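Structural overview for review
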Amino acid sequence: TMPEGMVERLRAETARLRALVEAKQFVACMIALADFHRALAELAGNHTLLLIVSMLQELAKTHQDDFFEDHKLPEDEQQRRLISGINSFHKLINLIEARDTEGAEAHWRLHIANANTYWVPPADANKLLNALD
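Our subject in this report is the structure included herewith. Worth saying up front: this structure is predicted, and the values here are computed from it rather than measured.

The rules behind the values
- Residues numbered from 1 in each chain as written.
- Predicted model: local features only at pLDDT ≥ 70, side-chain atom pairs only at ≥ 80, totals over all residues.
- Heavy atoms only, no water.
- Axes fitted to C-alpha atoms, helices over the stretch in contact; angles between N-to-C directions.
- Helix = DSSP H or I, 4+ residues; strand = E, 2+ residues; numbered from the N terminus.
- Parallel < 35°, antiparallel > 145°, perpendicular 65-115°, else oblique.
- Left-handed = near helix turned anticlockwise from the far one by under 90°.
- Contact = heavy atoms within 4.5 Å.
- Nonpolar A, V, L, I, M, F, W, Y, C, P; charged D, E, K, R; others polar.
- Expected span 1.5 Å × (residues − 1).
- Buried < 20%, exposed > 50% of the residue type's maximum accessible area, 1.4 Å probe, protein only.
- Arc of directions from axis to C-beta.

**Considerations on the packing of helix α2 (residues 26-44) against helix α4 (residues 75-97)**
- Relative to each other, α2 and α4 sit at 20°, their axes nearing to 12 Å. By the angle between their axes, α2 is roughly parallel relative to α4. Seen from above, α2 lies across α4 with left-handed handedness. Note on element contacts: α4 touches α2 through E75, Q78, Q79, L82, F89, L92, I93 and I96, opposite F26, C29, M30, L33, F36, H37 and L40.
- Looking at the contact of α2 with α4 residue by residue, the classes come out as 11 nonpolar, three polar and one charged.

If you want it as structure tokens, here you go:
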């Protein structure tokens, strides 16, 4: 069963993301993106998944901070990429609301593949990261 208020909470998260992007508050938006992903794991009801997502987000934070400092994008490109991701979140939420589990899974797999293409330059695709330094 779907947790009470799940769709509403996810829609509120995406509205917050869109407002941050429109205000060009990109650092706050990156934090809010992590919050959206954490909310997905939390609302799925899988405590192991939530724990793993939380740990990975903490490890990735240092890398993301360094990466975005070294790979600055023009504001309009950063906005375009973030809005594209938020639109993808809306599609996922609609699939969840429709209880289309197969469609939601397929869409989310595509979203992750696209996000990796957007945010990881080809030169870094196979790079080993040390997030503990």
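From this point, the narrative continues.
**Looking at helix α1 (residues 6-22)**
- Taking 1.5 Å per residue as the helical rise, α1 with its 17 residues ought to reach 24 Å, and the 25 Å between its terminal C-alpha atoms agrees with that figure.
- Listing the buried residues of α1 in full gives M6, V7, L10, E13, T14, L17, L20 and V21. The buried residues of α1 all sit within an arc of 150° when viewed along its axis, so they share a single face. Exposed residues on α1 whose side chains face more than 90 degrees from its buried face are E8 and E22.
- Where α1 is buried, its residues contact α2 and α4.
- Phi turns positive, to about 60°, at K24, one or two residues after α1.

Scope: geometric values only; no functional claims are made or implied.
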